[in-house]
Structures are given as structure tokens and as C-alpha cells.
Amino acid sequence: MSTRDVVKKRVSRFKNKGKDLAKLREKRVSECVELRKAQKNESFLKRRNIILSSLPDEEAFSPEQNDTLSFRIEDIIRDVNSNDREAQTRGCQAARKLLSKGNDPPLKEIVDAGLLSQFVSFLSMDDEPTLQFEAAWALTNIASGNSWHTHQVVQHGAVPALINLLASPMLHISEQAVWALGNIAGDGPGYRDILIECKVIPALLACISPDTPVGYLRNLTWTLSNLCRNKMPCPPLSAVQQMLPSLIQLLHLSDKNILSDACWAISYLSDGSNDRIDVVVKTGIVPRLVELMNRKELFILTPALRAIGNIVSGSDLHTQMTIDAGVLNVLPKLLRHPKPTVQKEAAWALSNIAAGPCKQIQQLITCGLLPPLVEVLRNGDFKTQKEAVWAVTNFTSGGTVEQVVSLVQSGALEAIINLLQVKDAKVILIILEAINNMFIAAEKLGETEKLSLLIEELGGLERIEMLQNHENGIVYQAAHDLIEKYFNDGDVEEVQVDSTQTGFEFKAPDVQKKFEF
Amino acid sequence: MAKRIADKELTDRNWDQEEEGEEAGTFSVASEDVLKNRAIKKAKRRNTGGESEGGGAFKGFKGFSMAAPSTTPSSSLTAFSGFGGTGSFKGFGGLSNGTGSTPSFSGFPSAAKAGVAFNGPSSAQPGADIAAQQTNGSAPGPSPAPCSRSREYSRQLTALNQSVRDWISKHVNDNPLCDLNPIFRDYERHLASIERQYGAGVEETQQGDASTPSLPAPSLLSSSSSSSSVALFSFSKTSTEDPGQKRSGSAPLPAGVSFNFGQKVDAPALGSLTSKPSVPSFSFSSSSNQSSPFGSAGPSAALSFGGTKTSDAPAADDKDEESEEPPKPEVKEVKEDDAFYSKKCKLFYKKESEFKEKGVGTLHLKRTAEGKTQMIVRADTNLGNILLNILVPSTLPCSRVGKNNVMVVCVPNPPVDDKNPSVAVPLLIRVKTAEDADELHKTLEEKKG
């Protein structure tokens, strides 16, 4: 056989040359989808590369079962450790394919085979882009394992090399490096911060240009989000401030995956102290977040809503910014969303807005938040109802007398009364607190009797009385005190022990005022 | 600040996971032991108008008031409502809105207590405007009545209240300076009587000089209409002017029986009325519409005492299609054997500068094995919670107070203040009559130590 034939044969086996392109693409996409689905079920923060978007079609490789199964570790070891570039490339690629297979890739075996140092050294071979690429891919997939695997990758010095690869003129190589670094950052705050110290952020941001393809940007956004992720500690503030402008840019694009990951990044960044929230809102991103909260795609809505929820858990000023951006127009819709977790998150956000000053509470009323609030109090799933109860209590605590009256008129009192029999003692206590607050408001109007009557009519008295049998002593006490204070039967306020002969022994002190109606 | 951070971390990996649902469930009840030591408070019921009130009131809800049907305000109403406010209106554990709670607390039948019927529009009352007036949800407004168990009771009460209203309005219009005290005394008496017959009041021994209940009313009334004859009130200085005055302005008053209020008209004498023909009316005027109070059989047409029945069986009468008799609650009282003295009472404890109610129950005195005296007050509920359980030492301060109270000072058990459980606290024991109080006081003095 001539050399040419041999080469041809190998190439035809090796690459997709001569194979039908369309078919290959189909195959690739379907395998990709399958593997991504499998990935989704695994809850780690890393992603294994099966297919890379930057690769031109004919160079993309789809794992064909026959080929992968036939690679043996010894062969790979021998090839990778040889001095022959071709052999190294062959070996490295074989390893990559093994590491890319759907079920149970041999991450540990490859690590134990001592191949990592070689792979890392391949990363810096700018004159061997194929080798660089295969090595980066292999390392990506190892780093997508558990913390031990990622540790191995880092220990073998991959980080600086990968960061250098970000600047590669070959887009697919650069993208692969982005991916690998995303996996390492996602391992936890430790490696995240090591990457940041190695100046990964400027290098990443330099990759963003108007010409950057969407697929690349998706990977990049995802990697950035991993750099924003995790608390204890939070990412360094300086790093956050570096990343934010680009994140804002990304948030204004239209690709849904980019939007989703960028929202996740913001949701992580806003999950912190008021200083952290401040940094986020100062970018002016809030209106865009409110917009994204209004999207129908759940994978965009969810992180945007979470981000807004975090922001309104901040200061009154932060909350006001969301209100000014129109959050109150979107919340009613979300309170009625078919997905319970969305309702719950919306109710939580509402409860935090209701914890604000009465000016903001007024805006709640004006923007029609009371009816949907009462709806979820009545019909929501229990976790949502819990959040809604908080909203009611916060409302009664910070609201003016008129606002509390509006709340009662909206049906909220009736609805919370109907929750007084639940198992969760905390919820019961919050409800009783709300009722107490309502009485305080009623006192200012001189209408405690009316409120008592209303509560009675709504069936509240039985329920409150029953609570005295609650196993929780604090609940008992709260219920008892409430009855004693506002529903007292025969309370002797000032017992004139030297009572008169008339029936007026129990004159209520303020009765004189009440002659006009 | 009341802001709360997220309870659950949300990431791009877990957002899509099915959350485990949480059930609202129902809370667990404390154990018997714990419950026995708890002072369970019964809430005052203001509304006996029934469930139907709920939705309507709530819909028409303004501020905290109920949807007050248009009341018919008149100058008299002011006084009347004021009356409502100043009276000692204690609600008895009445029927509340239809969730069927057992009204286990019968009202404490002290003469000092008078409840005003709260007749909601749902019960068919004669004179709907009266009902409306009484529905007025204003603050001191009419407090809940004792259980308005029967139609008849409601009617009686309505008539009583209407009469009071009219009488007062007339007399106050005529003379704003009049002293209304006697009216209230009479009102109390009438109310107590109605309660006995139609309400779920605790059984009372027949009052003093009443004749046996089976006596037909007219004669009794005539006998009790005493010396002041026409002017039945010791109100005489101002009201004698018009012995013959008719009730006026009482158009909606139901025709029928009128009761005069003399000093000695005691309720049991009135027996019971059948509900059919008429709704009785009470007249405070010295005349009612007869020139003489019940002297003759004249009013007997109105005083239709069908079989006079004793007051023990209020539920037994009034069996017409209309009356709704909710079943009498089965209050199985916890028996205390070997008590040498037992008395129904109401227990109060002093907190800061005022007395707070601990509960209604029965006080028992027992001899212990060591020859000491033990005082137990047990609540009048099926559970029989202990309201008080102490030994009576010889040093126990014990005094006669007011009309019908005895005060003792001791360390209360079960404690009234968990923060200071071993501090001595004045406790007030209120019994039905002055005589009972005397008796209790004497017994305690004799038997203590």
C-alpha cells in the first residue's frame, strides 16, 4: 500500500472527510441534545464539551461509538508521551473522545494515567493549534468532573496556560479555553478567586467584540456568570465592577441563552449585602431586568425575577428604583403565573416591597397589587401563601391607617383568617401579628369594636379561640392575649370594688364619648 | 427592617427542579396536661345575627364598620345608643356565625349584667328598623345578647328594647334632667327574666318573694304592682305628671303584652309566653295602655300565658314552626365529690391596676387528708380547666367586697403571670348574690387553716 493510501485511509477514519455533511450535522445535533439533557440532570456547575460551536462543520467531530471504544489507555499514554507531534495529536484526540463520551467518561483513569502534565504543556504550543485545541478540550472535560478532578487540572498548571489561550487567533481554541475556565471557576469561590487573581477577567472581556459570534458569547457569558457566583466569600468587589459593564452589554442582546446566563450573573451579584446591591443598581440595569422579568421564557424570567427580588430586599432606595422601573406592573401578572415557584418568588418580592415606607405601600395599592395578593392568599400553594402572609403583615406594620383599611377591605383579613389552622406555627404568629397591627390602626380610628365584629363575622373568633389549644405555647399566648385585649368577655377594667347598686359597674372608660353615631 | 432575603439559593442548575411541595396542614393540639394548665379565654361574641351577615357586611364594608343598614336616627336613638354604650353589656357565649361553636359559657347571671340583643336582620323581627338600630356597628354599640336561642326570646327582647327606647325618648324629651337609673334597674330585671325563660341562662333560683311560677301572671303582677300603683317608678318626682300617658311613638311596637315595671315585679312571675299571637311589649310608662297595671284580666288577652311553665325549660316551649331551637349544649360539669362547699362564681385576678377575668366556674372547698382546707375553682366547661387550686392557710387575707364579691390574696396556682409565678396576687371571687358572698366569706373564715 502506498503511503498516500495509508494516509488517506487514516484520514478517512480520522476525520469526517468523505462523509455526508448533512448527515453528520444531524447526528451531531441529536447527540448533543441527548448529552446536554443528561448534563442537566447532573447538578454540578460545570459543563462537559461535546460539541463546540466555533468549529466549522467539516472539522467538527461527532463521537462514533466504534472509534471511541477501540481506543485504549496504553495506546494513548504511549502516543501522548512520544515526541512525535502527530502521535501526540492522535493520542490527545483519542483521549478527548474518550472524555467526551456520553456515559461515564473515564476522567479518573486519564488523570491517573499521568497525562495531565502533557496536556497542559500542549496548551502553549502556538505552532500546533490542533494539539492546543485537543488538549484544551480534554482538560475542559476533566475539569467538568467533581472537585477532585478540577483540582487535578489546576494543580498541573492549566490555569495560566488557559488564560493565555484566550488570546488565540483561532476562535475555536479561544472558546474552548473560555469553557475550560468556566468549569474551573464554577468549582467554588476558591478557584474562582484564583482565576481572578490570574487576571482572567480582562482577558475574557477582551474577547467581546461586535464580531464575536453568538455561540462564543454564550460560552463567555456562562463563564462570566460562574465568576459572579458563590458567596462565602462573594467575588471581590473590584472583580465585580470589572465585569458589570460587559454584563450590562450582554443583557441588551437578544439571544435568549445569553440573556438567561447574564440574568443569572446579575442574580448572583445582587444576592448579597446592600453594598453589593448598590453596585448592581448603579449600572442602571434595573429597567432592563424588569423588562426581562416580563418575558414568557421561563429560563429568562426566573433569574430576572430572582434578581429583582434580591434588589427589593435591599434598601428603600433600591426598592424605589424597581418601582420607578415599572416592577409593579409586572408583579400582578407573575402572581398569577401558572408556575407556583414564580408565584412564590413574586409574592416574596411583594412582601419586601410591602416592608417599605408608606409611600411605597401606597404605590402597591395604586398599581392594583391587592387583588392578586388576596388571590394567592386564597388559592396559592402553601409556600406562596406564606410569602403572601408576610406581605400582609409587613403592610399592616408600615402602612398608614387608611392603607390598612384598604387592605382589610380588599379581603386580605378574611384570607389570612382562613389560614389560622395551618401546621406552621410561624405563619400563625405572623398572621396574629397582622391582626394585632390592624387593631392598632383601628384604635386610631376608634373602631376596634367594628374590627372585632368583623373578625367575628369572618369566623376569626373560633379560630383564634382554637389556637389556645395549639401545642406551641407562644401561639397559645398570642391568641390568648389577642382575645383578652380585644374580645374580652367580662373584663373588669376598673373594678369599683365598692360598686354601686346600678348596673354600671363595668363602665368602659371611654364610653362617654360614644353618644353620637 | 422587615426585609427578608431569599430562603433558597437559585441557580441555573436547580431552577428547573421540581420543588417539594409543602402542605398547609393543620396544627397539632397540645396535650391534655398542658391544656389543663392553660387559662382558656372565651371571646366575647358581639354578633348573633348569623352567618348570613358575613358576606353582606363584608361587601358593604366601609372602614371597620359593618354595612350598617340605614338606621333610623332620631333624637331618641342617641340616648338609646348611649344607653347601649353605658350599659354593662357583657356578651354571653352566644351563638356566633354558623360554624357551630358550642356556647359553653352561659352568662353569669349577675343582676349587674345586662346584654342587649343584637338582632341581625337575618332573624325576622317585627320592626325591622329596630333591628337596624341595633345592628348599628358603632363602637360601643349594643353588645351581643345572651344567646338568643329562640324566636320568642328575640321577640321579647325586641319588645323590651323598643319599650326602653320609647320610654326614654319620651321622658328625656320631656325632661332631659331625669334620672334614668331606675329604668335600667327595671330593664335588668326584665332582661334577666327573659333570659331565664327563653335564653340559655344559668338556672337561677327563683327570686326572693316571687310566688310560685305557676301562678298566672295577672294576679301576680297585680300583687306586685305594689304601692305606687299607677306610677310604678320611683321615678315619681318627674314622671308622675302623666299617669295616663300612653306609649307614644311606638308604632312599630308589637301589640300585645305589656309588662309594667314595678319594683317588685320579678321575672319568674311572668312565666312564659307562647309565641304565637303576639310579641309582648314592655312598658316603662306608668300606664302602659291600661289605666291600671295588670289589675284586671284585661291584659290577659295580651298576656297570653298559655300553660305557665317554669323557667327551667326555656327550650321546651315555643315549638312553633318558626322557632329555631338550637340544642342545649351538653355541659357535663366535672363533678367534685367530697367538697363540703360549692358555689358558682367568676374569678378575677389583679394585673397591674385592674382586675382581669380568669374564667367562670365553680368554687369548691374540700378537706384534705392533713385536715387542711383546699380551694379549687374549676371552669364550667367540658374540659374542666383548673382556674385555681390552693390551700387555704389560716393567714389567708379574705375580705368581703362590694355587693357580691370576696377578695383573697394568695399566690395563684396555676400562675397568672409566668414571669412572676410566685408573687401573691389579689383574686376576686364574684358570686351571684350578696348572701352568697356573705356565705362564702364566712365559710372561708371558719374553715381556713
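All values derive from a computational prediction rather than experimental measurement.

Visitor: In this structure, what is going on with the sheet that holds strand E3 (residues 339–351) of chain B? I would like to understand it.
Guide: The pairing of strands in a sheet happens through backbone hydrogen bonds and is either parallel or antiparallel. Residues and elements named next belong to chain B. In spatial order, the strands read E6-E5-E4-E3-E9-E8-E7; together these seven strands make up an open sheet with antiparallel pairing. Every interior strand has two partners, whereas the edge strands, strand E6 (386–391) and strand E7 (398–401), have only one. Ignoring strand direction, the axes of neighbouring strands in this sheet form an average angle of 30°.

Visitor: How should I be thinking about helix H9 (residues 434–447) of chain B in this particular structure?
Guide: Every α-helix winds through 3.6 residues per turn, so residues three or four apart in the chain are directed the same way. Residues and elements named next belong to chain B. Given a rise of 1.5 Å per residue, 14 residues ought to cover 20 Å, and the 20 Å separating the end C-alpha atoms of H9 matches this to within 8%. Within the sequence span of H9, burial applies to Asp436, Ala437, Leu440, His441, Thr443 and Leu444. Angular distribution of buried residues about the axis of H9 spans 165°; they occupy a single face of the element. Among the exposed residues of H9, those pointing more than 90 degrees away from its buried face are Glu435, Lys442 and Glu446. Of the surrounding elements, those touching the buried residues of H9 are E3, strand E4 (354–367), strand E5 (373–379), E7, strand E8 (405–410) and strand E9 (425–430).

Visitor: It is not clear to me how the side chain of Lys41 of chain B should be interpreted in this structure. Could you clarify?
Guide: Position of Lys41 of chain B relative to the elements: it lies in the loop between helix H1 (32–36) and helix H2 (52–59). In this structure, Lys41 of chain B is buried with no salt-bridge partner, the nearest side chain bearing the opposite charge being Glu484 of chain A at 4.1 Å. Ignoring sequence-local partners within four residues, the contact set of Lys41 of chain B consists of Glu465, Gln468, His480, Ile483, Glu484 and Asn488 of chain A together with Glu357 of chain B.

Visitor: Any chance you could explain the pattern of salt bridges here in plain terms?
Guide: Any two side chains of opposite charge can pair, given that their charged atoms come close. Evaluation of the coordinates by the stated rule reveals 42 salt bridges over all chains. The shortest N-O distance in the salt bridge between Arg165 of chain B and Asp166 of chain B comes to 2.8 Å. Note on Asp166 of chain B: relative accessible area 7%, which makes it buried. Of the charged contacts in the structure, one is a salt bridge between Lys366 of chain B and Asp338 of chain B, with a shortest N-O distance of 3.8 Å. Of this pair, Lys366 of chain B sits in strand E4 while Asp338 of chain B sits in the loop between strand E2 (281–282) and E3, and the two are 28 residues apart along the sequence. It is possible to trace a salt-bridge network through shared partners that takes in Arg72, Glu74, Asp75, Arg78, Asp79 and Arg90 of chain A.

Visitor: Can you walk me through the UniProt feature "repeat: ARM" (unreviewed entry) in chain A in this structure?
Guide: Residue and element names in this part refer to chain A. According to UniProt, the positions carrying the feature "repeat: ARM" (unreviewed entry) are residues 157–185, 242–284 and 326–354. Secondary structure over residues 157–185 splits into 79% helix and 0% strand, and the C-alpha atoms at its two ends are 15 Å apart. Helix makes up 79% of residues 326–354 and strand 0%, and the two end C-alpha atoms of the span are 16 Å apart.

Visitor: Sorry, what's going on with unusual backbone geometry here?
Guide: Of all residues except glycine, most have a negative phi; of all peptide bonds, most are trans. Looking along the chain, the bond that leaves Met232 of chain A and enters Pro233 of chain A is cis, with omega of -5°. Structurally, Pro233 of chain A can be placed in the loop between helix H14 (214–228) and helix H15 (237–251). In this chain, Asn413 of chain B is followed by Pro414 of chain B through a cis amide linkage whose omega measures 5°. Of note, Asp104 of chain A is a non-glycine position whose phi angle comes to about 55°, a positive value. Inspection of the secondary structure puts Asp104 of chain A in the loop between helix H5 (85–99) and helix H6 (107–112). Residue classification places Asp104 of chain A among the exposed positions, given a relative accessible area of 67%. Its identity is not glycine, yet Met232 of chain A carries a phi of approximately 60°, on the positive side. Checked against the element boundaries, Met232 of chain A lands in the loop between H14 and H15.

Rules and cut-offs
- Residues numbered from 1 in each chain as written.
- Chains lettered and ligands numbered in written order.
- Predicted model: local features only at pLDDT ≥ 70, side-chain atom pairs only at ≥ 80, totals over all residues.
- Heavy atoms only, no water.
- Pairing = 2+ DSSP bridges.
- Helix = DSSP H or I, 4+ residues; strand = E, 2+ residues; numbered from the N terminus.
- Axes fitted to C-alpha atoms, helices over the stretch in contact; angles between N-to-C directions.
- Expected span 1.5 Å × (residues − 1).
- Buried < 20%, exposed > 50% of the residue type's maximum accessible area, 1.4 Å probe, protein only.
- Arc of directions from axis to C-beta.
- Contact = heavy atoms within 4.5 Å.
- Lys, Arg positive; Asp, Glu negative; His and termini not counted.
- Salt bridge = Lys/Arg side-chain N within 4 Å of Asp/Glu carboxyl O.
- UniProt positions renumbered as here; feature names shortened; annotations may be inferred.

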